[in-house]
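Understanding the architecture of this molecule
Here's the letter readout for the chains.
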Amino acid sequence: MPRSWSLIPNRQAIPSELLAGLVVALGIIPEAIAFSIVAGVDPQVGLFGSICIPIVVALLGGRPGMVSACTAGVALLMGDLMQAHGLSYLLAASILAGVFQILWGYLRLAQQMRFVPRAVTVGFVNAIGVLIFLAQLPQLGLGRDGGESIPSLAARGVAVSWPWVWGLVALGLGIIYLLPRLTQRVPSTLVAILVISGLAEWWQLPIPRVGDLGQLPSNLPVFRIPEVFASIDTLGIILPTALAISLVGLLQSFLTANVVEDLLDDEADYEAEARAEGLANITAGLFGGMAGAGMIGQSVINLESGGRHRLSTLTAGVGLLILVISLSSWLARIPMAALVAVMIMVSISTVNWNSLLKARLIPKSDTAVMLVTLLLAVITRNLAIAVLVGVALAGILFSRKVAKVIAVDPQWLGDDHLRYTVRGQLFFVSTVYFLAGFKRHAHPARVTIDMGTAHVWDQSGMRALDQVIRKLQQAGSQVDVVRLNPESLDLFRRISESSDAVLSSQAASPL
């Protein structure tokens, strides 16, 4: 257990914790089913995952009050593997992703993920919103998708009336957005599902239901190790998906933990959270559920409903288990139009609209990184690749900015003595500007290069300095390099071909 583990700090908070957990459980049901459809699996796979994950994270996580379950970002990574190889491989990938996340937790990967630029995270979040929306188009009879969609159901003889589907989706969106103006005591998404379900049953509308898309749970999840682990070839098949799930899942979880941390003004243990998410995904895979991650929306709902501690998250998982087993027959009758409305709302609320509407006020480099991350994720349907490319692009653009900060200022100290003062960071990107500073002047008898306000970071920077020294020496100048800081001096001694002459000159000629 985590060092600061406590299920509930005081008895007075128990009622609010239980109520918040039940509210979250009700909110997770439609999302878990919808994310299952996005991943191309039966609804029970998403529901089992959303049962196991919050229970494990509630007991072992590093951020009490945070809700984790099946998410859109992780579900979007599963479709191709599910299509090509089936459920057993998907469960195996979920388990392997959990193993990676435990490893990342012990390697303190959270410290490195904090360096992911905001432009990349915004592009990542925007991509999730766009991809969720695109995944709903097949359910509206538009486009094609890899999962079990309404068009494929129609081909199997399931009645589909598109005007009714579109009308109910519009009705659901109206309820979701207008009801909170009247009351916020009940989740508007739950009300929308109840109203649409009631109308569909009353009028016996010819529209697809959740039960048409696959199996719903009627019994408790059963422990089972995926049979595909018996083959070594499985590893090569599931490894790319497992790595992507582990990294994207942790990024989502850390973003969620950061939001909860800001709301509660209390620090989270990110390493413990990474290990807990990993163990939760392993548990989910072993009990027939898909992997998941932190859920920002449900975490905020939990906090707003009074949940602050582990009991609320534990109640969400246990409550979801009871609701799913007891209401399985009712869940099967939920119209798909209701879930499409919920997912369209999720996609709209996920997108950071300020990053698009106020793009002119944001630095162009940040906007470029955000758009590249967004577009690459939408085109490749691979959030992990998009994030890696976004981070690389952000690093390149930042390096170009830093490179331009370096300056080389010449000053004559006498007829035959020229001093160059170098200011800034000397590394592989800034070497061009550094070398340009030494091409404008003659070669006097003595040259001093003052590095007191500069830092040499890498081999490229040191090679550039060495190149300047050798050219000046070849032109007949005596070169002194002074005031190198200890780190740069150590690198200079190990790499520079002119180190002996310069070091002796440095010792004899300080400024």
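Our subject is the structure listed above.
Let me sum up the structure you'll find in this document. (Residues numbered from 1 in each chain as written. Predicted model: local features only at pLDDT ≥ 70, side-chain atom pairs only at ≥ 80, totals over all residues. Heavy atoms only, no water.)

Concerning the pairing of strand 4 (residues 417–426)
Burial of strand 4 is extensive: eight of the 10 residues sit out of reach of the surface. Summarising the sheet, strand 3 (residues 407–414) and strand 4 pair through seven bridges and their orientation is antiparallel. Across the sheet, Asp409 pairs through a bridge with Thr421, a residue of strand 4. Between strand 3 and strand 4, which follow one another and run antiparallel, lie two residues. (Buried < 20%, exposed > 50% of the residue type's maximum accessible area, 1.4 Å probe, protein only. Helix = DSSP H or I, 4+ residues; strand = E, 2+ residues; numbered from the N terminus. Pairing = 2+ DSSP bridges.)

Thoughts on the side chain of Ser94
For Ser94, the position within the fold is in helix 5 (residues 87–106). On the accessibility criterion, Ser94 (0% relative accessible area) is buried. Every residue in contact with Ser94, bar those within four places of it in the chain, is listed here: Met78, Asn281, Ile282, Gly289, Met290 and Ala291. (Contact = heavy atoms within 4.5 Å.)

Description of the sheet that holds strand 3
The strand order 3-4-5-6 describes an open sheet built from four strands, whose pairing is mixed. The open sheet terminates on both sides in strands that have one partner only, identified here as strand 3 and strand 6 (478–482). Strand-to-strand twist across the sheet, computed as the mean angle between neighbouring axes with direction ignored, equals 20°. Note: strand 5 (residues 446–456) against strand 6, five bridges, orientation parallel. Bridged to Asp450 within strand 6 is Val482. Those strands touched by helix 21 (residues 459–474) are strand 4, strand 5 and strand 6, and its axis lies near 175° from that of strand 5. (Axes fitted to C-alpha atoms, helices over the stretch in contact; angles between N-to-C directions.)

A closer look at the nonpolar core
Formed by 107 residues in total, the largest nonpolar core has its most connected members in Met78, Val169, Met290 and Leu383. When sequence neighbours within four positions are dropped, the list of residues in contact with Val169 reads Leu140, Ala337, Val340, Ala341 and Ile344. In terms of nonpolar packing, the next biggest core, distinct from the first, is built from 27 residues, Leu418, Val422, Ile449 and Phe492 among them. (Core = buried A, V, L, I, M, F, W, Y, C linked by side-chain atoms within 4.5 Å.)

Overview of the state of the cysteines
Under the definition given, this model contains zero disulfides. The structure places no disulfide on Cys52, whose sulfur is separated from the nearest cysteine sulfur, that of Cys70, by 9.1 Å. When its relative accessible area of 8% is taken as the criterion, Cys52 is described as buried. A relative accessible area of 1% means that Cys70 is categorised as buried. (Disulfide = S-S within 2.5 Å.)

Details of the environment of Val346
The topology assignment puts Val346 in helix 16 (residues 336–350). Residue classification places Val346 among the buried residues on the basis of a relative accessible area of 10%. As a C-alpha pair, Val346 and Ala475 span 129 residues in sequence and 68 Å in three-dimensional space. Not counting chain neighbours up to four residues away, the residues in contact with Val346 comprise Glu31 and Ile132.

Some words on the environment of Asp415
Position of Asp415 relative to the elements: it lies in the loop between strand 3 and strand 4. Here Asp415 falls in the exposed class, since its relative accessible area comes to 75%. Measuring from C-alpha to C-alpha, the distance between Asp415 and Arg446 comes to 9.6 Å, with 31 residues separating the pair along the chain.

Regarding the packing of aromatic side chains
Under the counting rule described, the total for this entry stands at seven aromatic pairs. An angle of 70° between the planes, with centres 5.4 Å apart, marks the rings of Phe254 and Tyr270 as edge-to-face. Separated by 16 residues along the polypeptide, Phe254 in helix 11 (residues 233–264) and Tyr270 in helix 12 (residues 270–286) bring together distant segments of the chain. Overall, Phe254 belongs to the buried group, its relative accessible area being 7%. Through pairs of rings, three or more aromatic residues link up here, namely Tyr420, Phe434 and Phe438. One residue, Arg275, lies across the ring of Tyr106, its end atom 4.9 Å from the ring centre. (Phe/Tyr/Trp six-rings, centres within 6.5 Å; stacked < 30°, edge-to-face > 60°. Lys NZ or Arg CZ within 6 Å of the ring centre and 35° of its normal.)

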